[in-house]
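Chain by chain, the residues:
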Amino acid sequence: MKFPSKFVLLCVFAFLMTSCSDDSSSSSASTQDGILGNDRIPGMVHVLANGKSVVLGTNEPTAKVDERPQMRVDFTYDYSISRHEVLCNDFNEVMKDVSGLQLECAQDSMPASNVTFFDVALYANAMSKKMGLDSAYVFSSAEFDAGNHCMNLNGFSFKPEADGFRLPTEAEWVFAAEQVWDPEKGWNFLNSNFTFHKVCTSAEDTQYLCDMAGNMLEWVNDGRVLYNDGAVTNFVGGVVSSNTTAGVVKGGSFRKAPNEMFLYKRGDDYPILYSNRADYVGFRLAYGSIPNATYLSENGDASLTPITVLVSDAEIRSLTESYKAKLAFRNEESGNLVYVSFSSKGANVVEIPDTIDVYHPEISPDGQRVAFCTSSEGESGRSSIYVRDLDDFNHNLVKLDVEGGAAIPRWRVKPNGDTVIVYVTSPYNNEGAQFEQESTWEVPFANRKFGVPQKLFNGAYHGGISDDDRLAVSGSTRLRARIVSDQALGNDVIWYEGEQACNASLSKDGSKRTLFLDFGGNAGRTFVGTNYRVHEELLIADSTGNLVQAVPTLSGFRFDHSEWAGGVLKDSASNLVVVSLTNVNEAHEYIALVDLKDNSVHLLVQGGDLWQPCLWVRQENASHPKPVVDKDSAGAYFEYDASNPVVFSSVELAMHLKSFWKYSGEVEAVAFGSSMVLDAVIENAMTSYFTLNMGVSLSDIHLAEYLLRHYVLPYAPKIKVVVVELSPGLLFRSFEENAGWLIDHSPGMLYDQNHLTEETKNEIADFSLDQEYPRDLFSQQYLKNTFLLPPGGWNSPEIAVDISMMTSDLPNVQAGLEAFRSIKQLTDSCGIALVAVITPRNPAYKDTEAFDIFGPPRDVAHELIQTVADMGILIFDENKDGLHDYTDEMAANSYHVSYLGAIQFSERLDSLLKTLPVKN
């Protein structure tokens, strides 16, 4: 007999029991090198892998992030793998004495299906025990559901060195499968009649292996990690650490077309968790110890795909009838939140790096915040909900503190004007008793804080609630609705003839339409009038659950993550839907806008794997008329000029004005100054008052006076405290040197001089919030998404000016002192507390003649500080002539604190502010 070059088939076992497969190709006892040569178990194939290699993954750029790049795996051992998937009857025979799990077996020789990863681990251990072999899986205890499926093995670990039965590793599975891989001949979508078949009955089957391509998707042993672009020996994946994480499954199934099956694929349309099961997921066993196994960490080594906006501002205007639109979504490659701001000045993509996984982002009704949760629809793990500002500074991240879980947030504005977030206690599937055990809640959100949550009703209706509270929907894995009528307080009904559905979303325009996706079900095919596959039609049901519309996907793609657009919409019914589009590799390559008026699909954004989009639009209507300000100048506080010598200051100032308008109705304290204040005051560390740090590099008291007079006092009604920097050396600058220059080169500030009024402030504020600014123009290497600096030490005391001519009687100095007097008069007239701060400098300056890098002589500095104090201004001096306690690691350089110094400075300033008498 002639065998393939990479492995030799060896049937090493005879029948264990009479219920085993009657597969005629399983031969009688045989041995090779003394390996398991006692002829007791049929159907194993011996694979000669020692000294050979296999390539996992792909370099195809449109593949999912965890399927690239290619990684070579080298073997130093041989192994055995089952000829076909484990049979249903064989599985039941073994498991009846293990967990009591009994699968429904339609016919003999049908593969076992509907098994969790942990069911398989128990089966493998039981087979090893029967044969007197080592157990490959160890655990402390098991958890089962009502049907005796194992949902978790506590303390679970895999022993690769064990000489026993187990699942094949991904590398073992691919190495064997590539010898016979032929998806066209396997049981697939085109020939299977959408159901699985008896093992070894497809045209693909050989005398060696059956059903590697198609029939059943198969569990493998690996914990799911990213690949790296090197070579790994005896690779076993990552550590399986949680039942709520996704496993690796291989081979495609009867649900997939041949051109959708690839050896590098590691999953299905959705991640399959270790505790999940499905009628198209089975398994086969492997045997043999793995010497010197290599694991990879969870993060692996993968490149992130750039995210590209595919539409112009004019196209967005045409599609949404607005220049003001925002798109938020999860980047599956990084786990981060990404948002795109569309405006009249174009689109800007911002990814917000964080350690918190982001799922189901939902933009607030005013477009300024985003709520998200930490688990995805269909997952059973505990989830939390957060709200954060929709900017790239990690502003005001707030967690909903509840005892139970909180998932899939949805904003709504109640008739009384209160803004609330509706959420469910679990994002898990909505079948069975667990659905009723979960519940739907709402919680107020105002002034950056959550209120007290209130339970609405039983059942996790995470698809949304209508404005009149009479309809709530849920989808995954059934389309369920809670209907309140005059006759009933709330009936739970199942729509769509009970067929599988997901991604349900209730319209936000009062029409009570529900959009959802299905799995090519009978009800959908009947309505559409043709056959289609999973997620190839976007379906819309009316308020009674009857289908009223269907939209086909683009050729070569499938829909996923469907959601209605939200925001401020016209009074007429909204017809805008946002979706992800999955490619042949099942990566969510595009985010698209669907217009239900004409069933058109428009690509918005392209990337590697983009999940769960949310689109916010503010359309112009009676309550939001067309702007009366110049959209090209209003709020445009920065305009790039390559000749600008202090472009970094211009960017910082523009960003602060944007923040000011965003929080003008809430801010209670502001801090003005140069980069010494900018780097020292941490907004989120200030607990006494809601504080904005408006420090600008190289700026001085003149800019502080201007911003206070023209912005803060007129348009921040809650302001109670003003903090200004007192740096004696900066008093030697004229207004024109810095403040005047920055104002003259800011289109928005020049526009405000003639147009900013109570009548125009809201429109100007809105336009400012649409602006995004280039962080790569900053002069300092701030820690990501902050204005904080890394430790660099105090180093040597640098002096950048000639201090010999710096005297207190100079005109610039007197003008600067006059600005302090003006600020004092302004704050006193409004009952606002005023504090002048001196940030710490290099303590070695006390041994020089200069106060700091900008001078002046120390005696002149003391005179100027005393003059400011004599104005009745409270001085907060953390420099203390160099006799401070800011350590070397608390310094970034001779005149800036590091983030560690900023923590100490902010805590002490906050403590002082708490003691100040302020207006109510």
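Quick note: structure is the one above.
In this report, the structure presented in the accompanying data block is examined. Everything numeric here is computed off the predicted structure, so don't read it as measured data.

**A look at the sheet that holds strand 21 (residues 385-389)**
What links the strands of a sheet is backbone hydrogen bonding, and the strands pair in either a parallel or an antiparallel sense.
Then, number 1: Taking strand neighbours across the sheet as the criterion, the 4 strands line up as 19-20-21-22 in an open arrangement whose pairing is antiparallel. Looking at strand neighbours, the two that pair on one side only are strand 19 (359-363) and strand 22 (398-399), the edges of this open sheet.
Then, number 2: Pairing of strand 19 with strand 20 (residues 369-373) involves 3 bridges; the strand directions are antiparallel. Each bridged residue has a counterpart across the sheet, and for Ile363 the counterpart in strand 20 is Val370.

**Let's talk about the packing of helix 7 (residues 647-663) against helix 12 (residues 761-769)**
Then, number 1: Across the interface, helix 7 lies against helix 12 with an axial gap of 9 Å and an inter-helix angle of 130°. If you check the angle between helix 7 and helix 12, you find them oblique. The hand of the helix 7/helix 12 crossing is left-handed. On helix 12, the residues touching Lys658, Trp661 and Lys662 of helix 7 are Lys761, Ile764, Ala765, Ser768 and Leu769.
Then, number 2: Residue composition of the contact of helix 7 with helix 12, by class: 4 nonpolar, 1 polar and 3 charged.

**Notes on the nonpolar core**
Then, number 1: Of all hydrophobic cores here, the largest spans 75 residues; its most connected members are Leu56, Tyr79, Phe91, Tyr123, Trp219 and Phe283.
Then, number 2: Sorting elements by how many residues they give to this core places helix 2 (residues 117-130) first, with 9 residues.
Then, number 3: The next biggest cluster of nonpolar side chains, apart from the first, holds 72 residues, and it includes Ala634, Tyr637, Leu742 and Ile832.

**Observations concerning the packing of aromatic side chains**
Then, number 1: Under the definition given, this model contains 37 aromatic pairs.
Then, number 2: Residues Phe854 and Tyr895 carry aromatic rings whose centres are separated by 5.6 Å and whose planes lie at 75° to one another, so their mutual orientation is edge-to-face. Of this pair, Phe854 sits in the loop between strand 44 (833-838) and helix 14 (858-870) while Tyr895 sits in the loop between strand 46 (891-893) and strand 47 (896-897), and the two are 41 residues apart along the sequence. Residue Phe854 shares its accessibility class with Tyr895, and that shared class is buried.

**Regarding helix 1 (residues 88-95)**
Owing to its 3.6 residues per turn, the α-helix aligns residues three or four sequence positions apart on the same side.
Then, number 1: Across the 8 residues of helix 1, 6 count as buried, placing the element largely inside the fold.
Then, number 2: Every buried residue belonging to helix 1 is among Cys88, Asp90, Phe91, Asn92, Val94 and Met95, and all of these are buried.
Then, number 3: Residues of helix 1 that are buried sit in contact with helix 2.

**Concerning the environment of Ile838**
Then, number 1: Structurally, Ile838 is set in strand 44.
Then, number 2: Ile838 sits in the buried class, given a relative accessible area of 1%.
Then, number 3: Put simply, Ile838 and Met676 are 162 residues apart on the chain and 8.9 Å apart in space, counted from C-alpha to C-alpha.
Then, number 4: Among residues more than four places away in sequence, those in contact with Ile838 are Leu726, Phe851, Ile865, Ile875, Phe876, Asp877, Glu878, Asn879 and Phe905.

**Quick look at the pattern of salt bridges**
Then, number 1: Summed over the entire model, instances satisfying the criterion amount to 45 salt bridges.
Then, number 2: Ionic pairing is found between Arg330 and Glu332, a salt bridge with its closest N-O pair at 2.8 Å.
Then, number 3: By relative accessible area, Arg330 is classed as buried at 3%.
Then, number 4: Arg330 is the partner of Asp357 in a salt bridge, and the nearest nitrogen-oxygen pair spans 3.4 Å. Pair noted here: Asp357 is in the loop between strand 18 (346-352) and strand 19 and Arg330 is in strand 16 (residues 325-331), with a separation of 27 residues, a long-range link.

**Here we look at the sheet that holds strand 11 (residues 231-233)**
Then, number 1: As summarised here, the arrangement of the 3 strands in space is 2-3-11, forming an open sheet in which the pairing is mixed. In this open sheet, the two edge strands, each paired with only one partner strand, are strand 2 (53-56) and strand 11. Ignoring strand direction, the axes of neighbouring strands in this sheet form an average angle of 25°.
Then, number 2: Direction of pairing for strand 3 (residues 71-74) relative to strand 11: parallel, over a ladder of 3 bridges. Counterpart to Asp74 in the pairing with strand 11 is Thr233.
Then, number 3: Along the sheet, helix 3 (residues 170-177) makes contact with strand 2 and strand 3, crossing strand 2 at roughly 105°.

**Details of the environment of Leu456**
Then, number 1: Relative to the helices and strands, Leu456 is located in strand 27 (residues 454-458).
Then, number 2: Overall, the relative accessible area of 29% leaves Leu456 in the partly exposed class.

**A few points about the state of the cysteines**
Then, number 1: The full count for this structure, using the stated rule, is 2 disulfides.
Then, number 2: With a sulfur-sulfur separation of 2.0 Å, Cys88 is cross-linked through a disulfide to Cys105. Around the S-S axis, the bridge from Cys88 to Cys105 shows a dihedral of about -80° and counts as left-handed. Note that Cys88 is positioned in helix 1 and Cys105 in the loop between helix 1 and helix 2, a separation of 17 residues in sequence.
Then, number 3: Given a relative accessible area of 25%, Cys105 falls into the partly exposed group.
Then, number 4: Disulfide partner of Cys200: Cys210, at an S-S distance of 2.1 Å. Between Cys200 and Cys210, the S-S torsion sits near 105°, and that sign places the bridge as right-handed. Taken as a pair, Cys200 in the loop between helix 3 and strand 10 (217-223) and Cys210 in the loop between helix 3 and strand 10 lie far apart in primary sequence, 10 residues in all.
Then, number 5: Cysteines bonded in the protein are numbered consecutively along the chain; their disulfide partners then correspond to 1-2, 3-4.

**Here we look at the pairing of strand 2**
Then, number 1: Along strand 2, the buried face is formed by Val54 and Leu56; none of Ser53 and Val55, which line the opposite face, is buried.
Then, number 2: The pairing of strand 2 with strand 3 spans 4 bridges and is classified as antiparallel. By the bridge assignment for strand 3, Val54 is matched with Val73.

**Examining the packing of helix 9 (residues 701-715) against helix 13 (residues 811-830)**
Then, number 1: In the contact formed by helix 9 and helix 13, the axes pass within 9 Å of each other and the chain directions differ by 25°. Classified by the angle between their axes, helix 9 and helix 13 sit roughly parallel to one another. Crossing hand, helix 9 versus helix 13: left-handed. Counted together, Ile701, His702, Ala704, Glu705, Leu708, Arg709 and Leu713 of helix 9 and Ala815, Gly816, Ala819, Phe820, Ser822, Ile823, Leu826, Thr827 and Cys830 of helix 13 form the full contact between these two elements.
Then, number 2: Residues belonging to the contact of helix 9 with helix 13 are distributed by class as follows: 10 nonpolar, 4 polar and 2 charged.

**Here we look at the side chain of Glu563**
Then, number 1: Within the fold, Glu563 resides in strand 35 (residues 558-564).
Then, number 2: Exposure remark for Glu563: the relative accessible area of 15% places this residue in the buried category.
Then, number 3: Here the side chain of Glu563 touches Arg410 through a polar contact of 2.8 Å, side chain to side chain.
Then, number 4: Polar contacts involving the side chain of Glu563 include one to the side chain of Ser505, which spans 2.9 Å.
Then, number 5: Residues within four places of Glu563 in sequence aside, it is in contact with Arg410, Ser505, Leu515, Val577, Val578 and Pro613.

**A look at unusual backbone geometry**
Then, number 1: The step from Ser476 to Thr477 runs through a cis peptide bond, and the omega angle for that step is 10°.
Then, number 2: Relative to the helices and strands, Thr477 is located in strand 29 (residues 471-483).
Then, number 3: Going from Gly855 to Pro856, the amide bond is cis rather than trans, its omega being -5°.
Then, number 4: Following the sequence through the fold, Pro856 ends up in the loop between strand 44 and helix 14.
Then, number 5: We note that Asn795 has phi near 55°; this positive angle belongs to a residue other than glycine.

Conventions used here
Along each chain, the written sequence defines residue order, and numbers are assigned to residues from 1. Whole-chain, interface and lining totals are the exception, using all residues; otherwise, since this is a predicted model, local features are given only for residues with pLDDT of at least 70 and side-chain atom pairs are given and counted only at 80 or more. The basis for every side-chain value is the complete set of heavy atoms in the structure, and neither hydrogens nor water enter the calculation. The criterion for strand pairing is that DSSP finds at least two bridges linking the strands in question. The numbering of helices and of strands both runs from the N terminus, where a helix is a DSSP run of H or I of at least 4 residues and a strand a run of E of at least 2. Each axis is a line fitted through C-alpha atoms, and for a helix only the stretch in contact is used; angles between axes span 0 to 180 degrees, taken between their N-to-C directions. By the definition adopted for this analysis, an angle is roughly parallel if under 35 degrees, roughly antiparallel if over 145, roughly perpendicular if from 65 to 115, and oblique otherwise. For a crossing to be left-handed, the near helix must be turned anticlockwise from the far one by less than a right angle; the clockwise case is right-handed. Note on contacts: a residue pair is in contact if any heavy atoms of the two residues lie within 4.5 Å. In this classification, the charged set is Asp, Glu, Lys and Arg, the nonpolar set is Ala, Val, Leu, Ile, Met, Phe, Trp, Tyr, Cys and Pro, and all remaining amino acids, among them Gly, are polar. Here the nonpolar core consists of buried residues drawn from Ala, Val, Leu, Ile, Met, Phe, Trp, Tyr and Cys, with membership extended through side-chain atoms lying within 4.5 Å. Remark: exposure states derive from per-residue accessible area (1.4 Å probe, protein chains only) relative to the maximum for the residue type, with buried under 20%, exposed over 50%, and partly exposed in between. Pairing of aromatic side chains requires ring centres within 6.5 Å, counting the rings of Phe and Tyr and the six-membered ring of Trp. Pairs whose planes differ by under 30 degrees are stacked, by over 60 edge-to-face, and all others tilted. For this document, the term salt bridge refers to a Lys or Arg side-chain nitrogen within 4 Å of an Asp or Glu carboxyl oxygen. For this text, the term disulfide refers to a pair of cysteine sulfurs within 2.5 Å. Within 3.5 Å is the distance limit for a polar contact, defined as a pair of N or O atoms, with the added protein rule that one can donate a hydrogen and the other accept it, and that residues adjacent in sequence qualify only through two side-chain atoms.

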